[in-house]
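# Tertiary structure, described
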Amino acid sequence: MPARQISPQAPSSPATAAHVPVLLQETMDLLAPRPGGRYLDGTLGLGGHSREIMRRTGGEALLCGLDRDPQALERAAETLAPYGNACHLFRAEYATFAARLDDLGWDSIDGALLDIGVSSLQLDVAERGFSLRADGPLDMRMDMGGFSHPERPAWMGSAYDLVNGAPEAELAGIIKDYGEDPLAHQIAGAIVREREAGPIRTTGQLAGIVCRAYPPKWRRTSRNHPATRTFQALRMAVNDELGQLERFLDGICSRLAAGGRLCIITFHSLEDRIVKQKFRLWSTGCICPPGLPVCKCGHKAEVRLLTKKPVVPGKIEIDHNPRAGSSKLRAVEKLPSA
Ligand SMILES: C[S@@+](CC[C@H](N)C(=O)[O-])C[C@H]1O[C@@H](n2cnc3c(N)ncnc32)[C@H](O)[C@@H]1O
């Protein structure tokens, strides 16, 4: 059943925001869920992909579903209610998936999925502070502050803390590395000057500051809102998005059963690069430097690549759901002997 689509500008409450699952058919074809199998969905969102896993298996699969966002979890629970006890849902970061599988007593799984974007629930509700178009408090925490991160600097809580507390060089680095914005230093400078007069409290204020840091000509010719990259960068930093992905990849391969499949949908080139490199390493045998007469590394391929190139959405999907635009799907299958 296709999910209802709503306009990004429409005022929306958590109870009404809808999310159109990205690359749904392509992901299911690669994940190939089967009745009796155990599946992990690390990014439940509103439960669109998980519902399709359950539908395709006639409700005969078992699902472990995670989301760090309590509002998403509530919505996913409603979506998956028809499948009753087959779905075990946890409020958790997907980097901690192994502990959740242990809780269920699942040594191995037959498939795992990550869809690492922002959900419509998060983007469309101004109070969550993700949107640069709808004015709201500067927040951007997917977990709404539910998890503490002792390893992160004190200023890095919500986007408010980051924008008002991070040293200028730190801000510039985040906007440059995660947002790939060529004006990162000018934007960070403008933020720091502005916050000297008083804290920057709202997404609207921040969007205005970034916009004014852009030369007028760039502002006029830019395809997206000039603050798009800055908002993306801050969101990635606030939610430690790359760190979560790296920690998940460190552990997931060893929990896949032989023939088990892993599908990952990314929306950012840095995330896609991390997935591509990890999949390439897992699918490679010997990694000794060329020219050695005998293999010394002992590295063995653990998976088979199911996607040599990433699967991307077609025009029809993008027209219907513009948020799918930058998505890339990669998948691997665990080898029997690994
Ligand atoms: C794009 S949505 C997923 C949509 C979902 N596939 C569907 O079809 O409805 C991404 C979800 O992942 C969650 N998320 C992002 N990073 C996470 C993490 N590290 N741990 C747990 N959940 C995460 C977000 O809160 C959001 O609800």
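For the structure itself, look to the data block above.
These figures come from a predicted structure and were not determined experimentally.

### Thoughts on the packing of helix 2 (residues 48-56) against helix 3 (residues 70-80)
At a minimum axis distance of 9 Å, the contact between helix 2 and helix 3 shows a crossing angle of 20°. Comparing the axis directions of helix 2 and helix 3 gives the class roughly parallel. Here helix 2 and helix 3 pass one another in a crossing that is right-handed. Between helix 2, through Ser50, Arg51 and Met54, and helix 3, the contact on the second element is made entirely by Ala76, Thr79 and Leu80. Here the residues of the contact of helix 2 with helix 3 sort into 3 nonpolar, 2 polar and 1 charged.

### Some points on the packing of helix 8 (residues 184-196) against helix 9 (residues 203-213)
Viewed as axis vectors pointing N to C, helix 8 and helix 9 meet at an angle of 130°, and their least axial separation amounts to 9 Å. When the axes of helix 8 and helix 9 are compared, the pair comes out oblique. As helix 8 runs across helix 9, the sense of the crossing is right-handed. Contacts from Gln186, Ile187, Ala190, Ile191 and Glu194 of helix 8 reach helix 9 at Ile209, Val210, Arg212 and Ala213. Its residues assigned to classes, the contact of helix 8 with helix 9 shows 6 nonpolar, 1 polar and 2 charged.

### Details of helix 8
Its 13 residues place the ends of helix 8 19 Å apart at the C-alpha level, agreeing with the 18 Å of an ideal helix rising 1.5 Å per residue. Of all the residues in helix 8, the buried ones are Ala184, Ile187, Ala188 and Ile191. Buried residues in helix 8, looked at end-on, bunch into an arc of 100°, giving them a common side. Projecting away from the buried face of helix 8 at angles above 90 degrees are the exposed residues Arg193 and Glu196. Looking at the buried side of helix 8, the elements it contacts are helix 6 (159-165), helix 7 (168-177), helix 9 and helix 11 (228-238).

### Details of the pairing of strand 2 (residues 62-67)
Taking burial as the measure, the 6 residues of strand 2 include 6 buried ones, the bulk of the element. Where burial is concerned, the two faces of strand 2 agree: the one with Leu62, Cys64 and Leu66 and the one with Leu63, Gly65 and Asp67 are both buried. The pairing of strand 1 (residues 38-41) with strand 2 spans 4 bridges and is parallel. What sits directly across from aspartate 41, in strand 2, is glycine 65. Chirality of the crossover, the property in question, places the unit of strand 1, helix 2 and strand 2 among those that are right-handed. You can see the chain leave strand 2, run along helix 3 and come back into strand 3 (residues 87-91), and the turn it takes is right-handed.

### Observations regarding the sheet that holds strand 7 (residues 328-334)
One open sheet holds the 7 strands; their spatial order is 3-2-1-4-5-7-6, and the pairing between them is mixed. Two strands close off the open sheet at either side, each with one partner strand: strand 3 and strand 6 (303-305). Strand-to-strand twist across the sheet, computed as the mean angle between neighbouring axes with direction ignored, equals 15°. Looking at chain direction, strand 4 (residues 109-115) and strand 5 (residues 256-266) are connected through 6 bridges and run parallel. Its bridge partner lying in strand 5, aspartate 115 is registered against isoleucine 265. Together, strand 2 and strand 3 form the strand contacts of helix 3, whose direction differs from that of strand 3 by roughly 170°.

### What to know about the pairing of strand 3
Two strands pair when backbone bridges link them, and strand 2 and strand 3 are joined in this way by 5 bridges, in the parallel orientation. Bridge pairing in strand 3 places leucine 63 opposite cysteine 87.

### Some details on the environment of glutamate 52
Relative to the helices and strands, glutamate 52 is located in helix 2. By the C-beta count within 10 Å, which is 18 here, glutamate 52 ends up partly exposed. Excluding its chain neighbours within four sequence positions, the residues that come into contact with glutamate 52 are Leu24 and Met28.

Conventions and cut-offs
Residues numbered from 1 in each chain as written. Predicted model: local features only at pLDDT ≥ 70, side-chain atom pairs only at ≥ 80, totals over all residues. Axes fitted to C-alpha atoms, helices over the stretch in contact; angles between N-to-C directions. Helix = DSSP H or I, 4+ residues; strand = E, 2+ residues; numbered from the N terminus. Parallel < 35°, antiparallel > 145°, perpendicular 65-115°, else oblique. Left-handed = near helix turned anticlockwise from the far one by under 90°. Contact = placed C-beta atoms within 7 Å. Nonpolar A, V, L, I, M, F, W, Y, C, P; charged D, E, K, R; others polar. Expected span 1.5 Å × (residues − 1). Buried ≥ 20, exposed ≤ 12 C-beta atoms within 10 Å, placed from the backbone. Arc of directions from axis to C-beta. Pairing = 2+ DSSP bridges. Right-handed = clockwise from strand over helix to strand, strands pointing away.

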